[in-house]
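Fold and geometry: a report
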Amino acid sequence: MTGNNSVDVVVVGAGFSGLYAVHLLREQGLTIQGFEAGADVGGTWYWNRYPGARCDIESLYYCYSWDEELAREWEWTERYAAQPEILAYANRVADKHDLRSSFIFNTRVEAAEWDDQAQQWTVRTSDGQTWSARFVVLGVGALSAANIPDLPGLANYTGQIYHTGQWPHEGVDFTGLRVAVIGTGSSGIQVIPKVAEQAASMTVFQRTANFTMPAHNTPADPELRAEVVEDWAGVRQRMRTSSYGLDVQPPTESLLEVPAEEARATFDRKWQEGALTAILQAYNDIVRNPEANDIAADYVRDRIREMVHDPQVAEDLVPSGYHFGTKRPCLDTNYFDTYNRENVELVNVRRDPIVEVTAAGIRTEQAEREFDAIVFATGFDAMTGPVLSIDIHGREQTLREKWAEGPVGYLGLQSAGFPNLFTITGPGSPSVLSNVVVSIEQHVEFVADLLARMREQGARVVEATAEAEAEWSDHVQQVAGYTLYPHTDSWFMGANIPGKPRVFLPYIGGVGNFRAKCDAVAANDYEGFAIS
Ligand code: NAP
């Protein structure tokens, strides 16, 4: 290791978390060094360049709220902006606030070690440098560690291999190719219709059918934009105190208490809205009560059957075996209609499992197919993966050791034994169960306020107490237990990664409740944090 670089704060990642962290902390007069593995800013929107990638939270709300001037000036072209436009937005933010100058790009943070005597972190980067920093802020993203399943024979495959989360910047031309897509989560449902339009043939390998609903994406509505910009403070306040970080009021009615025809009419209306939580949040018991959930699920299933011509393919595409919404729901554009195309085939790998990848393609129990390219839309080692990809040594142990049975931490922001280290969108935070930009802003602002308070007090070290961490971690699981989510094998539960501990990873108590808790903690002298 070489180098002798010293700053107040190392920020890891130049996505929405890292960019805002650099902006706020630099404004406080702290010296910052940011590191980003990619060649430029944008995080998720830098890496996920697959055809069809777009946000599924309306763009008017899926953007920073702290820069009102930019909110007034920026005009999204679509209701749900596509990846290039969101990346352009991240670039605009970076340009406007000169954020790039605080980052070293193409450089990974590989390790961080706490020095108890010097009361600082020693950070090692992939270019062989070491940095000392009093604080480390991990803005590494919750869905950034790509997962490619360890399929037998994969190393022997001679065709092209892609993962949606690591898409080549120059794009991929699938014209005339025989393409396999594995995975039908949010990324799969977006990439599949686009690849189908180009490829000679496409075979989708589906393990779990998905409750996805049409996004009804449209060009941006100028009137709605004007309303939102006009009521900027109000919209912002409602998003911040809501359940999911959206300007949507929580439902008050129980599905089980309304007549079936009324529920059907409501669902019809909600279906037309094309919003991620429209059906899930139509009534207050859908995420909690299996009977209510079944009614909503059956509604979506019926709609899927209507869209797919071949009855067997339709049945394979109808989700079953888990509660609606407990795997993250998706919004799509022409997803089910894609299966009506002549050049598209669906393989249900629960009925016909993948045996191996051969040199030329994929062999299932019932057939062998040749492919020129395989697209893995197989997701991520969510929430803990990006954090644990860094070798973090705290006071007494590594974070990998500490989280061996699942992550524990306080407010998703700190883990006891790892002083002055913060995770943004960490496990135990609402992040991935919300409009993540709203959560990111709250997490970053909490950390910035805390550091400001420490400076006022002349304090050097902050660390979550073991008691506060145990209590919060129990609370995260307890609140999840009030819902149907923990009953499902999902990435929320760590179930998509073989061997990963089964723990409900995000905080499902809602963005507003989380904010209230954090505000109370801050008002109470940062209760649960030992500051010295
Ligand atoms: P994902 O939701 O984890 O989906 C991965 C898919 O791959 C699932 O269908 C999974 O099946 C399948 N799979 C995994 N391993 C497999 C194997 N060995 N054999 C066969 N199939 C396998 O990942 P994702 O689609 O990338 O989405 C992850 C999250 O990123 C989303 O939930 C969302 O939060 C975010 N995202 C958002 C957007 C957006 O805003 N529009 C777009 C993309 C992603 P199982 O279900 O059976 O595990």
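In the block above lies the structure referred to throughout.
What comes next concerns the included structure. Predicted model only: the values in this text are computed from it and were never measured. (Residues numbered from 1 in each chain as written. Predicted model: local features only at pLDDT ≥ 70, side-chain atom pairs only at ≥ 80, totals over all residues. Heavy atoms only, no water.)

**Digging into the overall build of the protein**
The secondary structure content of the protein amounts to 16 helices and 20 strands. On C-alpha atoms alone, the protein measures out to a radius of gyration of 23 Å, which is about the 24 Å that the 2.2 N^0.38 rule sets for 532 residues. Projected onto its principal axes, the C-alpha positions of the protein cover 70 × 55 × 45 Å. In the protein, of all internal contacts separated by at least 6 residues, the share reaching a separation of at least 24 is 72%. Entry remark: accessible area of the protein is about 21500 Å², with carbon and sulfur atoms responsible for 46%. If you average the places of the 42 positive and of the 73 negative side-chain charges in the protein, the two averages end up 1 Å apart. (Helix = DSSP H or I, 4+ residues; strand = E, 2+ residues; numbered from the N terminus. Rg over C-alpha atoms; globule rule 2.2 N^0.38 Å. Contact = heavy atoms within 4.5 Å. Areas by Shrake-Rupley, 256 points an atom, 1.4 Å probe, with all protein chains shown as cover. Lys, Arg positive; Asp, Glu negative; His and termini not counted. Charge placed at Lys NZ, Arg CZ, Asp CG, Glu CD.)

**Concerning the environment of Pro214**
With respect to the helices, strands and loops of the structure, Pro214 is situated in strand E10 (residues 212-214). Pro214 sits 309 residues away from Ala523 along the chain, and the two C-alpha atoms are 43 Å apart. Setting aside chain neighbours within four positions, we find Pro214 in contact with Trp271, Gly274, Leu331 and Asp332.

**Remarks on the sheet that holds strand E9 (residues 201-206)**
A sheet is described by the order of its strands in space; here 5 strands give the open sequence E7-E16-E8-E9-E12, paired in parallel fashion. What marks the edges here is a single partner per strand, and that holds for strand E7 (160-163) and strand E12 (344-348). Strand-to-strand twist in this sheet, taken as the mean axis angle between neighbours without regard to direction, amounts to 20°. When strand E8 (residues 178-182) meets strand E16 (residues 373-376), the two strands line up parallel, connected through 4 bridges. From the neighbouring strand, Ala180 faces E16, where its bridge partner is Ile374. Along the sheet face, helix H5 (residues 186-198) touches E8, E9 and E12 and points at about 160° away from the line of E9. (Pairing = 2+ DSSP bridges. Axes fitted to C-alpha atoms, helices over the stretch in contact; angles between N-to-C directions.)

**Some words on the side chain of His23**
Tracing the sequence through the fold places His23 in helix H1 (residues 16-27). Note on His23: relative accessible area 11%, which makes it buried. Sequence-distant contacts of His23, that is, excluding residues within four places in its chain, are made with Trp66, His97 and Leu99. (Buried < 20%, exposed > 50% of the residue type's maximum accessible area, 1.4 Å probe, protein only.)

**Focus on the nonpolar core**
Counting 135 residues, the largest nonpolar core has Phe16, Phe174, Phe324, Leu411 and Phe446 as the members making the most contacts within it. Inspection of this core shows a minimum of three residues originating in each of domain 1 (6-145 + 381-531) and domain 2 (182-219 + 231-376). Sequence-distant contacts of Phe174, defined by excluding residues within four places in its chain, comprise Tyr162, Trp167, Val179, Val195, Gln198, Ala199, Ala200, Ala373 and Val375. Counting residues in each nonpolar core, the second largest holds 23 residues, with Val109, Leu388, Trp403 and Leu421 among its members. (Core = buried A, V, L, I, M, F, W, Y, C linked by side-chain atoms within 4.5 Å. Domains from an automatic or database assignment.)

**As for the site of the ligand**
Among the 23 residues in the neighbourhood of the ligand, the closest are listed as Arg54, Ser187, Arg207, Thr208 and Lys327. In the model, an oxygen atom of the ligand is placed 2.6 Å from a nitrogen or oxygen of the Ser187 side chain. Contact distances for the ligand include 2.4 Å between an oxygen atom and a side-chain N or O atom of Thr208. For the ligand, whose accessible area on its own is 900 Å², the fraction buried by protein is 87%. For the shell around the ligand, the residue count by class is 8 nonpolar, 9 polar and 6 charged. (Near = heavy atom within 4 Å. Polar contact = N/O pair within 3.5 Å; in protein donor to acceptor, adjacent residues only side chain to side chain. Nonpolar A, V, L, I, M, F, W, Y, C, P; charged D, E, K, R; others polar.)

**Notes on the pairing of strand E4 (residues 109-115)**
In this sheet, strand E5 (residues 120-125) lies alongside E4 in antiparallel orientation, the contact comprising 6 bridges. Following the sheet pairing, Asp115 is matched in E5 by Gln120. Turn length for the E4-E5 hairpin, with the two strands adjacent in sequence and antiparallel, is 4 residues, and the turn residue Gln119 shows positive phi of about 55°. Summarising the sheet, E4 and strand E17 (residues 391-393) pair through 3 bridges and their orientation is parallel. Of the residues in E17, the one forming a bridge with Glu113 is His393.

**Here's the deal with unusual backbone geometry**
Look at His216: it is not a glycine, yet its phi comes out positive at around 45°. Within the secondary structure layout, His216 lies in the loop between E10 and helix H6 (222-230). For Asp525, which is not glycine, the phi torsion reads 55° and is therefore positive. Relative to the elements of secondary structure, Asp525 occurs in the loop between helix H16 (511-523) and strand E20 (529-531).

**Comments concerning the pattern of salt bridges**
Side chains that differ in charge, positive against negative, can pair when their charged atoms come close. Under the definition given, this model contains 32 salt bridges. Linking Glu110 and Arg124 is a salt bridge whose minimum nitrogen-to-oxygen distance equals 3.3 Å. Of this pair, Glu110 sits in strand E4 while Arg124 sits in strand E5, and the two are 14 residues apart along the sequence. Of the residues examined, Arg124 reaches a relative accessible area of 28% and is grouped as partly exposed. Measuring nitrogen to oxygen at the nearest pair gives 3.4 Å for the salt bridge that ties Arg178 to Glu370. (Salt bridge = Lys/Arg side-chain N within 4 Å of Asp/Glu carboxyl O.)

**Some points on the packing of helix H14 (residues 436-457) against H16**
At a closest axis distance of 11 Å, the pairing of H14 and H16 adopts a crossing angle of 0°. Classified by the angle between their axes, H14 and H16 sit roughly parallel to one another. Of the residues in H16, those in contact with Val438, Ser439, Gln442, His443, Phe446 and Arg453 of H14 are Val511, Phe514, Arg515, Cys518, Val521 and Ala522. Its residues assigned to classes, the contact of H14 with H16 shows 7 nonpolar, 3 polar and 2 charged. (Parallel < 35°, antiparallel > 145°, perpendicular 65-115°, else oblique.)

**Examining H16**
Over its 13 residues, H16 extends 18 Å from the first C-alpha to the last, a length consistent with the 18 Å expected when each residue adds 1.5 Å. By the burial criterion, the buried members of H16 are Val511, Gly512, Phe514, Arg515, Cys518, Val521 and Ala522. Along its buried surface, H16 packs onto helix H7 (232-240), H14, helix H15 (466-481) and E20. Phi for Asp525, located one or two positions after H16, is positive at around 55°. (Expected span 1.5 Å × (residues − 1).)

**Observations concerning the packing of aromatic side chains**
For any pair of aromatic rings, the description consists of the separation of the ring centres together with the inter-plane angle of the planes. Applying the stated criterion across every chain yields a total of 36 aromatic pairs. Aromatic pair Tyr46 and Trp47: ring centres 5.0 Å apart, planes at 80°, arrangement edge-to-face. Tyr46 gets classed as buried once you look at its relative accessible area, which sits at 6%. Note on Trp47: relative accessible area 28%, which makes it partly exposed. Pairing Trp491 with Phe492 gives two aromatic rings, centres 4.5 Å apart and planes at 50°, and the pair type is tilted. You can call Trp491 partly exposed: its relative accessible area is 21%. (Phe/Tyr/Trp six-rings, centres within 6.5 Å; stacked < 30°, edge-to-face > 60°.)

Everything listed is a geometric property; what it means functionally is a separate question.
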